[in-house]
Amino acid sequence: MNTVILTGSPWIDSGQLFPNLQKLGIKNALSTENNTDLTIGSWHDKIFSGKRSHEYRQVQLGKAWEQSVSEIFMANWGQEPWGWADSRSLWLLDFWRDFDPEICFILVHVSPEQALAQAISQIDEQIPFSLDNTIATWLVYERELLRFYLRNQQRCLLVDLERINNDPALLIETASRLFSLELDDSAIDPESQAQPAAFFNPLASLLAKQALQRFPEALGLWEEIKVSLTVLPTVERSNSYDQIMQIPDAITELRSVMQGAELALEAMSKARDEQLTQVFVCNAQMEQQEIEFQARIKQNELQFLHQQKIQETHQEALLVKNNSLKNDLNTLSVNLIKEKNLAKESQTLINQLSSERDNQARIAAERQQHIEQLVQERDAQSDKVENCQAQINQLEQQRDNHVKIATDVRQENELILLQLHQVQEELEQYFLKNLTLENELKANDANLTNERKLAEERQQHINQLGGERDNQARIATERQQQIEQLVRERDAQSQLAENRQVQINQLGGELNSQARIAAERQQQIEHLAQERNVQSQLAENRQVQINQLGGELNSQARIAAERQQQVEQLVQERDAQSQLAENCQVQINQLGGELDSQARIAAERQQQLEQLVQERNTQNQLVENRQAHINQLEQERDSYIRITTDVRQENELLLLQLHQVQEELEYYFLQHLQEQKLREQTNQRLTRVLGRWPNFVDMAGLQIVPAFGKELQEIVLTATDVYHASRHIEQYSLRVQVKDENAAIIIERPDVQLPNPLLRWPVESADETTLVIPVKPTKAVSGLAHLSTSDWQFLQALSQTLGHALQQGDFQLSEDNRKFNPAIWQQALTQLSQALQEDSDCLRYDQVRLKREQVNPDYEHLWLHVSNLHYKGKQWPSIEFRLSAALVKKKGFSSHPKLEFPQPETGLPLFENWQPDIEDDYGLKMELRCEIKTQAIDIHFWNSLSAADQSLLLALISYLPLFLADLEMQKIAINRSWQDWQSLVQGTIATINARSIELGIESSCDIEVIAA
């Protein structure tokens, strides 16, 4: 089942593109049979509703979504092919690729210029326009398109929106061929092949093109996508009449766009005012936060003083209770002594034992109450310890907050220091630029000084430039001193920041040790609490035993009363006296055991009292330690507050210094702009001077080294610090030879380390190390024909200057040689200057560069850029033309060469009769078409040119082999071999020579083939 998905960025109009595919039989997606509301569009709406609507990444779907979309695919099972168009499908490309291997994708690319132009045209007052957001959105969508296309090229078609809008048939034919769709050729509508673009706004396009220069990342991605676009068949059409008919609509749209631009400017000004208001509000909020921070610090200090007073009150209460406990302990000691005396006396009398037993029970109850009271006091002490621990935790939290504040302040210091370093680097860059400008001004001043010899009326202005140069040097020296001072201040600030960082690290270590001590003390408190619980449990068990003994004593008392009655009865009976004595003895023994048990219980209670006293002392010691820890934390808090205050003051000082450096940077930047403006004025002045005196050459000195022989005389002219136009050479050497009244100039090619005396070495002498230029050249032997334009002008000016120096005697001989006659060499240089002037009709150029190579299945071209072209007294800064081949064969090359001359972006066109009649993707152009096999040529184009244009065209054609050879020497790699292009050029030249009579050329010798 063939399924086609058309998707792209939000700027594509799927309602315009998908109907073209429907003409080919690609049917629209149907809804499911069970649920007519479930369509492919509603399925997308459910997926991208909510948070997914703002996420730019591939969406991962679960089984439920796959099942629902499977129902849609089953509903469209019967119609083939079918598909849909939706820009949201871009974020489901991975899902569709894995869902069905027969799905094909048409990915529509939109250029950043067109996206920006469309966004500018749709500016609304209620919706703010953001240039950065538009470019960022375009980058996200186009990167995702390119990523998916490069990984799935077998199933994808990547096309340009503007290209398929101009010619929908290209999309139809390419989709049918790539996806192997059996489509009807009659479905292609010929009228639809010339539809204009859906969106055209000249002003918006111009604004978008200018704004796009600020985003090199978008331009780079655009170039990468253009290289990766699917190659579409080339169809040449002329739609000039349709464009003329659209001019009124374009003017109306231009006016509406201008109104929209004015609204956008108003919206931008409002947004700027709102941003300024937000900045003021943020500053006020920062000041308010600082005031609140100071208030919180004062409030924390008051709370700490209040807690300190409460702690002192608790300590006084503890001292009072400690004294009362000591009194109670003394009382208990006296009572124990009394209990021991009473125990001894109870050994003697049975009647006193009962009373002593009651006393012991009462004393035991009192002691139990006292023990319970001590336990309550111990619990109160534990609560106080817990409160102290809570205070310690609170102070530690405050300490952590201060540490965090100190960390933030340190980070802020580091950020300010980083900004200071960046500003310092910018100052250094501007200082280096100023030094460069000063060096250039010095060079320009030297040139103006030499110019004064030729024009005395400019002497006053040159003196003024010299004074300005001295001022600039003095300003540069002062700036250097300021920069060194800033560097020293920066190093001092860095050292201070490092010292404070060390202090902060030390304080952090101390805080960690205090936290470790607090944790150990917390463990001790928990251990004491466990021991207290054990003691409480032991006291409860002993209380139970005491209650059991009391019950036993009561029972014993009751038994003793009964036995007393029996004794009284037995007294009356004599026979029962002995039995009564035995019973009394038994009671005495029992009471003695009870007294022993009471003494043992009293000893245990004494031990409990001593243990409680020890616990109370431990609690007091713990309270004192906690108080000392609290005092230490308070000191640390005060130190942190002091450090925070110092760091804040230091931040304010650094911020003030940063503002001062910023002001100095602005001052230096303005100075840089002024110096740059002065440099431009100086360059313009030099350009005007060179326009009036084109042969002006400035040099510092001339040294002559003669070498005379019997037949050959030779001198070596070495000029130092040579300046001509914008060309500067530190040392330039020429050899002049005279033999039999015939002179020649010899230029030697130096080593690799030294600069080349010629801007471009002639191709015919590429393998030679010397270039010989006869003073009276012939057509057979001439070294002047293929010199570059700059070298030809330079040699012409240099020969005149050297001849003038020989005439004036402004030179220096290497040795005293009386045979040296300057007149002979002056005549040779004068003849060379005349020969150079007479050779002005040749075509010359400086450099040739390959701007672009285009390779299509049936068309290829080399886009050449030639700089500083000169021909018959006319000079062009640069020209561009394309050497192309049409109807390229798969095996072999082409026999249909063309020379395409596009309309230049700036400056005058190449030909006088500029009448472009063809328009392609690059704009208007003129072209000369040939057919090599039948030797046919475009006579209509040839006749439309003037005689001067025809002569220039023949010269360019004759130099084509030289251009190609120059590019080949530059090691430029192209898709096809250079020999194929040379063969195509040779065939073109042969065709022109064969049709020379029809072209009006006097003879075939007018155009020569230059051997590469």
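Residues numbered from 1 in each chain as written. Predicted model: local features only at pLDDT ≥ 70, side-chain atom pairs only at ≥ 80, totals over all residues. Heavy atoms only, no water.

Per an unreviewed UniProt entry, the protein goes by the name Chromosome segregation ATPase-like protein and belongs to Crenothrix polyspora.

**Considering the overall build of the protein**
Under the convention used in this document: Numbering of helices and strands runs from the N terminus, with a helix taken as a DSSP run of H or I at least four residues long and a strand as a DSSP run of E at least two residues long. Type-normalised accessible area, obtained with a 1.4 Å probe on protein chains alone, sets the label of each residue: buried when under 20%, exposed when over 50%, and partly exposed for intermediate values. Should any heavy atoms of two residues lie within 4.5 Å, those residues are counted as being in contact. Computed with the Shrake-Rupley method and a 1.4 Å probe, the accessible areas treat only the protein chains shown as cover for residues.
The secondary structure content of the protein amounts to 22 helices and 18 strands. In the protein, buried positions account for 42% of the 1012 residues. Nonlocal contacts in the protein, meaning residues at least 24 apart in sequence, comprise 73% of its contacts between residues at least 6 apart. With the model as given, the accessible surface of the protein reaches about 57,300 Å², and the carbon-plus-sulfur share is 50%.

**Regarding the UniProt feature "coiled-coil region" (unreviewed entry) in the protein**
Keep this limit in mind: UniProt positions are given in the numbering used here, feature names are shortened, and annotations may be inferred rather than shown by experiment.
Residues annotated by UniProt as "coiled-coil region" (unreviewed entry) correspond here to residues 371-458 and 602-636. The span residues 602-636 is 100% helical and 0% strand by assignment, and the distance between its end C-alpha atoms comes to 51 Å.

**Regarding the sheet that holds strand β5 (residues 156-160)**
For the record, the criterion: A pair of strands is considered paired only if DSSP assigns at least 2 bridges between the two. Orientation is described by axes fitted as lines to C-alpha atoms, over the contacting stretch for helices, and by angles from 0 to 180 degrees between their N-to-C directions.
Read across the sheet, five strands follow the order β2-β3-β1-β4-β5 without closing on themselves; strand pairing throughout is parallel. Of all strands in the sheet, those with a lone pairing partner are β2 (27-28) and β5, marking the two edges. Helix α6 (residues 131-151) rests against β1 (3-8), β4 (103-109) and β5 of the sheet, and its axis sits at about 140 degrees to β4.

**Here's the deal with the confidence of the model for the protein**
Put simply, the rule is: A residue's pLDDT is simply how confident the predictor is in it, with values from 0 to 100.
Counting all residues, the mean pLDDT for the protein is 76, and 73% of those residues have values of 70 or more. Taken element by element, the predicted model of the protein shows its lowest mean pLDDT in helix α11 (residues 240-245) (45) and its highest in strand β15 (residues 896-902) (93). Taken as a whole, residues 190-199 scores under 50 in pLDDT and shows 24 contacts with residues more than four places along the chain or in a different chain.

**Some points on the nonpolar core**
In globular proteins that are soluble, nonpolar side chains generally tend to be buried together. Heads up, the condition is: By nonpolar core we mean a set of buried residues, namely Ala, Val, Leu, Ile, Met, Phe, Trp, Tyr and Cys, connected to one another through side-chain atoms within 4.5 Å.
Within the largest apolar cluster, 70 residues are counted, with the highest numbers of intra-cluster contacts made by Trp43, Trp96, Phe105, Ile106, Leu107 and Val108. Per-element accounting of this core gives the leading share, nine residues, to α6. Residues in contact with Trp96, not counting those within four places in the same chain, are Ile5, Ile40, Trp43, His44, Val69, Phe73, Trp84, Ser89, Ile103, Phe105 and Arg155. Among the nonpolar cores identified, the runner-up in size contains 49 residues, and Leu850, Tyr871, Ile974 and Trp978 belong to it.

**Details of helix α8 (residues 168-178)**
Turning to α8, its buried residues number three or more, namely Pro168, Ala169, Leu170, Leu171, Ile172, Thr174 and Ala175. Those residues of α8 that are buried lie in contact with α1 (14-22), β4, β5 and α7 (161-166). One or two positions beyond α8, positive phi appears at Ser180, with a value near 55 degrees.

**Examining the packing of aromatic side chains**
Put simply, the rule is: Any two of the Phe, Tyr and Trp rings considered here, Trp counted by its six-membered ring, make a pair once their centres fall within 6.5 Å; the pair's planes then place it as stacked at under 30 degrees, edge-to-face at over 60, or tilted in between. Lysine NZ or arginine CZ positioned within 6 Å of the ring centre and within 35 degrees of the ring normal marks a charge as sitting over the ring.
On inspection of all chains with the given rule, the structure shows 23 aromatic pairs. With a centroid separation of 5.0 Å and an interplanar angle of 65 degrees, the aromatic rings of Phe73 and Phe99 are classed as edge-to-face. Remark: Phe99 occurs in helix α4 (residues 93-99) and Phe73 occurs in helix α3 (residues 63-75); sequence separation between them is 26 residues. Ring plane angle 80 degrees and centroid distance 5.1 Å describe the contact between Phe893 and Trp981, whose orientation is recorded as edge-to-face. Taken as a pair, Phe893 in the loop between β14 (874-886) and β15 and Trp981 in helix α21 (residues 978-994) lie far apart in primary sequence, 88 residues in all. There is no split in this pair, since Phe893 and Trp981 are both buried. Taken together, the aromatic side chains of Trp43, Trp65, Phe73, Trp82, Trp84, Phe95, Trp96 and Phe99 make up a single cluster linked through ring pairs. Taking the ring centre of Trp863 as reference, the NZ or CZ of Arg882 above it sits at 4.6 Å.

**Focus: the pattern of salt bridges**
Keep this limit in mind: Whenever Lys or Arg places a side-chain nitrogen within 4 Å of a carboxyl oxygen from Asp or Glu, that contact is recorded as a salt bridge.
Summed over the entire model, instances satisfying the criterion amount to 23 salt bridges. A salt bridge links Lys898 to Glu900; the nearest nitrogen and oxygen atoms lie 3.5 Å apart. Glu900 matches Lys898 in its accessibility class, with the two residues each being buried. Within this structure, Arg882, Lys898, Glu900, Asp920, Lys925, Glu927, Arg929 and Asp938 form a network of salt bridges that share partners.

**Observations regarding the sheet that holds strand β10 (residues 770-774)**
Pairing within the open sheet is mixed, and its six strands lie in the order β10-β9-β8-β7-β6-β11. Both edges of this open sheet fall to β10 and β11 (812-813), since each of them pairs with a single strand only. When strand β6 (residues 701-708) meets strand β7 (residues 713-724), the two strands line up antiparallel, connected through eight bridges. Within β7, the residue paired with Val705 across the bridge is Val716. Helix-sheet contacts for helix α16 (residues 789-808) involve β6, β7, β8 (727-739), β9 (742-748) and β10, and the interaxial angle to β8 is about 70 degrees.

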